[in-house]
Amino acid sequence: MYVYTCSKYGSKHRQLRALTLLDALLANAGPDLQQALSNELLLERLRILPRDPTVDLQVRAKCGRFYPMWARNYQNRPGFAGYARLERSLPHPSRQVYP
């Protein structure tokens, strides 16, 4: 019997898609989207995501790929400092296992 599990923040597929869409929005965001994307509640959830044991490993792995890239791309972009700091929320590499 297949049991569909869905966390408070959506299924694994939805979380993966949301991260991909967020990456696309960040890459193409104009000044109008800058305020909406710098939402502190969104940034807090993104900080928790890679360390949450209830989050699927594929979602955490995608965070492990996106966060360092965002740190490099947005470190000098005004209004996106929160995304540049997300890399600090990743688990220590020696303790981290990604698929």
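Quick summary incoming for the structure in this document. (Residues numbered from 1 in each chain as written. Predicted model: local features only at pLDDT ≥ 70, side-chain atom pairs only at ≥ 80, totals over all residues. Heavy atoms only, no water.)

## Side note on the overall build of the chain
Stage number 1. Scanning the chain from terminus to terminus reveals five helices and zero strands.
Stage number 2. Secondary structure elements in the chain, listed N-terminal to C-terminal, are α-α-α-α-α.
Stage number 3. Expressed as a percentage of the 99 residues in the chain, the buried residues total 36%.
Stage number 4. Excluding contacts between residues fewer than 6 apart, the proportion of contacts in the chain whose partners are at least 24 apart in sequence is 61%.
Stage number 5. Accessible area of the chain: about 6,800 Å², with a carbon and sulfur share of 56%. (Helix = DSSP H or I, 4+ residues; strand = E, 2+ residues; numbered from the N terminus. Buried < 20%, exposed > 50% of the residue type's maximum accessible area, 1.4 Å probe, protein only. Contact = heavy atoms within 4.5 Å. Areas by Shrake-Rupley, 256 points an atom, 1.4 Å probe, with all protein chains shown as cover.)

## Here's the deal with the environment of Tyr74
Stage number 1. Its location among the elements puts Tyr74 in helix 4 (residues 57–74).
Stage number 2. Expressed as a C-alpha distance, the spacing of Tyr74 and Leu26, which sit 48 residues apart in the sequence, is 9.0 Å.
Stage number 3. Setting aside its immediate chain neighbours within four residues, Tyr74 contacts Asp23, Leu26, Ala27, Phe80, Tyr83 and Ala84.
Stage number 4. Within the structure, Tyr74 has its side chain in polar contact with the backbone oxygen of Leu26 (distance 3.4 Å). (Polar contact = N/O pair within 3.5 Å; in protein donor to acceptor, adjacent residues only side chain to side chain.)

## A closer look at the packing of aromatic side chains
Stage number 1. In total, this model carries five aromatic pairs according to the counting rule given.
Stage number 2. Taken together, a centroid distance of 5.8 Å and an interplanar angle of 85° make the contact between Trp70 and Tyr83 edge-to-face. On the criterion of sequence distance, the pair formed by Trp70 in helix 4 and Tyr83 in helix 5 (residues 81–84) is long-range, its members being 13 residues apart.
Stage number 3. Ring pairing ties together the aromatic residues Phe66, Tyr67, Trp70, Tyr74, Phe80 and Tyr83, which thus form one cluster. (Phe/Tyr/Trp six-rings, centres within 6.5 Å; stacked < 30°, edge-to-face > 60°.)

## Notes on the pattern of salt bridges
Stage number 1. Summed over the entire model, instances satisfying the criterion amount to three salt bridges.
Stage number 2. Linking Arg47 and Glu40 is a salt bridge whose minimum nitrogen-to-oxygen distance equals 3.0 Å.
Stage number 3. Its relative accessible area of 47% is what places Glu40 among the partly exposed residues.
Stage number 4. Between Arg47 and Glu44 there is a salt bridge, with its nearest N and O atoms 2.6 Å apart. Taken together, the residues span about one helical turn, with Arg47 and Glu44 both in helix 3 (residues 40–48) at a distance of three residues.
Stage number 5. A relative accessible area of 38% means that Glu44 is categorised as partly exposed.
Stage number 6. Residues participating in the shared-partner salt-bridge network are Glu40, Glu44 and Arg47. (Salt bridge = Lys/Arg side-chain N within 4 Å of Asp/Glu carboxyl O.)

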